[in-house]
Amino acid sequence: ELPPSEFMQVADSTWLVLSVVSNGREPPGCQATGVTKIARSVIAPLAEHHVSVLMLSTYQTDFILVRERDLPVVIHTLAGEFDIYREESGECVPVTCDDVSNGFLKPKPATSPTLHPVQSPQTRFCVLTVAPDTLPAIATMLIDVLFYSHSPPREAGASSQDLDSITFFSFSLIEGYISIVMDAETQKRFPSDLLLTSSTGELWRMVRIGGQPLGFDECGIVAQIAEPLATADISAYYISTFNFDHALVPEEGIAEVIQLLQQRQDSGR
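Remember, predicted model here, so these are calculated numbers, not experimental data. (Residues numbered from 1 in each chain as written. Predicted model: local features only at pLDDT ≥ 70, side-chain atom pairs only at ≥ 80, totals over all residues. Heavy atoms only, no water.)

## A word on the packing of aromatic side chains
Logical step 1: Across all of its chains, the model carries four aromatic pairs by this definition.
Logical step 2: Centroid distance Trp-204 to Tyr-237: 6.4 Å. Interplanar angle 55°. Geometry classified as tilted. Here the residue Trp-204 occupies a position in strand β10 (residues 204-209), and Tyr-237 occupies one in strand β11 (residues 237-240), the gap between them amounting to 33 residues.
Logical step 3: Ring geometry for Phe-216 against Phe-242: centres 5.2 Å apart, planes inclined by 85°, an arrangement best described as edge-to-face. With Phe-216 in the loop between β10 and α5 (221-231) and Phe-242 in the loop between β11 and β12 (245-250), this residue pair connects regions lying 26 residues apart in the sequence.
Logical step 4: Classification of Phe-242 by relative accessible area gives partly exposed; the value is 34%.
Logical step 5: Following the ring pairs from residue to residue traces out a cluster consisting of Trp-15, Phe-216 and Phe-242.
Logical step 6: The positively charged end of Arg-208 is found above the aromatic ring belonging to Phe-244, 4.1 Å away from the centroid. (Phe/Tyr/Trp six-rings, centres within 6.5 Å; stacked < 30°, edge-to-face > 60°. Helix = DSSP H or I, 4+ residues; strand = E, 2+ residues; numbered from the N terminus. Buried < 20%, exposed > 50% of the residue type's maximum accessible area, 1.4 Å probe, protein only. Lys NZ or Arg CZ within 6 Å of the ring centre and 35° of its normal.)

Laid out in structure tokens, this is it:
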């Protein structure tokens, strides 16, 4: 319904959403949540089969977006580890490899992925949700934050490793569930009794992946972050956007995360 505009870019791919539901087979002692929980079982195998993904973490769960044309490869890759269903008219219907065998192409051997730089601004973030019936009470504030009060884009020098802050606000509404990521200063503008967070009220720090827009054809970007964090059992909340990827980790673990990612960078050179 959006009118064509010279100001709007649209990726040329149509994407499908994968929702991963736990079946209780995680290894004992595994505490990681978010993208790191599915790093070995989903993210890494798809990267190895040269499937590009967009990752969207929400307050409630995580979603993986894959290009529609890659679906046969995705199903063949994950069928050995997962029971796969597609949604039809609200019902879940089992999918087998035979259902998508037509058009399946054996994936090309994946080239070594580019190790993109990561930046870690000092900004502290909150991951929140809002009860849908209270949304009207903060609607005006949301509109102001989303469209009017954000800072202008930084100049090219903002790609340096010592960013002091970053402007980032994420709002998602998926099947009635609302998920918001905002910096701690912006949170102070909202009524505290309407914003719900975890019982610990934890704050998060961000690493932004890529010194320039990443595009959609490259694979292994999410795995670059998720795999080392999964090895260290560190939770991460991950949001892919049109230009960059962003991972949020618990504030107390940011130093370890930067060290792990720097070691990966060094070993890849």
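Text resumes after the structure shown.
## Focus on the confidence of the model for the chain
Logical step 1: In this model, the chain carries a mean pLDDT of 83, and residues with pLDDT of at least 70 account for 84%.
Logical step 2: With pLDDT under 50 throughout, residues 155-162 is counted as low confidence; its partners more than four residues away or in other chains account for nine contacts. (pLDDT = per-residue confidence, 0-100. Contact = heavy atoms within 4.5 Å.)

## Some words on the pattern of salt bridges
Logical step 1: Under the definition given, this model contains six salt bridges.
Logical step 2: Close ionic contact of Arg-67 with Asp-217 constitutes a salt bridge, the shortest N to O distance being 2.7 Å. Taken together, the residues Arg-67 in strand β3 (residues 62-67) and Asp-217 in the loop between β10 and α5 connect sequence positions 150 residues apart.
Logical step 3: Connected via shared salt-bridge partners are Arg-67, Asp-70 and Asp-217. (Salt bridge = Lys/Arg side-chain N within 4 Å of Asp/Glu carboxyl O.)

## Re the side chain of Asp-245
Logical step 1: By the element assignment, Asp-245 lies in strand β12.
Logical step 2: The buried charged residue Asp-245 lacks any salt bridge, with Arg-208 as its nearest oppositely charged partner at 9.8 Å.
Logical step 3: When neighbours within four sequence positions are excluded, Asp-245 is seen to be in contact with Val-207, Arg-208, Ile-209, Leu-214, Ile-221, Val-222, Tyr-238, Ile-239 and Ser-240. (Lys, Arg positive; Asp, Glu negative; His and termini not counted.)

## A closer look at empty space enclosed by the protein
Logical step 1: This model, assessed by the stated rule, comprises one cavity of 30 Å³ or more.
Logical step 2: By volume, the largest cavity is sized at about 150 Å³.
Logical step 3: Lining the largest cavity are 20 residues, with Ser-52, Val-53, Glu-218, Ile-221 and Asp-245 sitting closest to its centre.
Logical step 4: Listed by contribution, the elements that provide at least two residues to the lining of the largest cavity are α1 (39-48), β2 (53-57) and α5.
Logical step 5: Partitioned by chemical class, the residues of the lining of the largest cavity number 13 nonpolar, five polar and two charged. (1 Å grid on protein atoms, 1.4 Å probe; cavity = no way out; pocket = protein on both sides within 12 Å on 5 of 7 lines; lining within 4 Å. Points joined across faces, edges and corners; volume = space filled by probe spheres on them. Nonpolar A, V, L, I, M, F, W, Y, C, P; charged D, E, K, R; others polar.)

## A few points about the environment of Asp-83
Logical step 1: Summarising the element assignment, Asp-83 is placed in the loop between α2 (71-78) and β4 (84-88).
Logical step 2: Since its relative accessible area comes to 66%, Asp-83 is described here as exposed.
Logical step 3: The spacing of Asp-83 and Val-95 is twelve residues in sequence and 7.9 Å in space, taken between C-alpha atoms.

## Some thoughts on the environment of Ser-13
Logical step 1: For Ser-13, the location among the structural elements is in the segment before β1 (15-19).
Logical step 2: Assessed through its relative accessible area of 12%, Ser-13 is described here as buried.
Logical step 3: With 55 residues separating them in the primary sequence, Ser-13 and Glu-68 have C-alpha atoms 7.6 Å apart.

## Points about the nonpolar core
Logical step 1: With 38 residues, the main nonpolar core has Ile-64 and Tyr-238 as its most contacted residues.
Logical step 2: If you tally residues by element for this core, the top one is α5, at seven residues.
Logical step 3: Here Ile-64 is in contact with Leu-16, Val-17, Leu-18, Val-20, Ile-38, Val-42, Ile-43, Val-53, Leu-54 and Met-55, once residues within four sequence places are set aside.
Logical step 4: Judged by nonpolar contacts, the second largest core, of 14 residues, contains Cys-126, Leu-142, Ala-184 and Leu-203. (Core = buried A, V, L, I, M, F, W, Y, C linked by side-chain atoms within 4.5 Å.)

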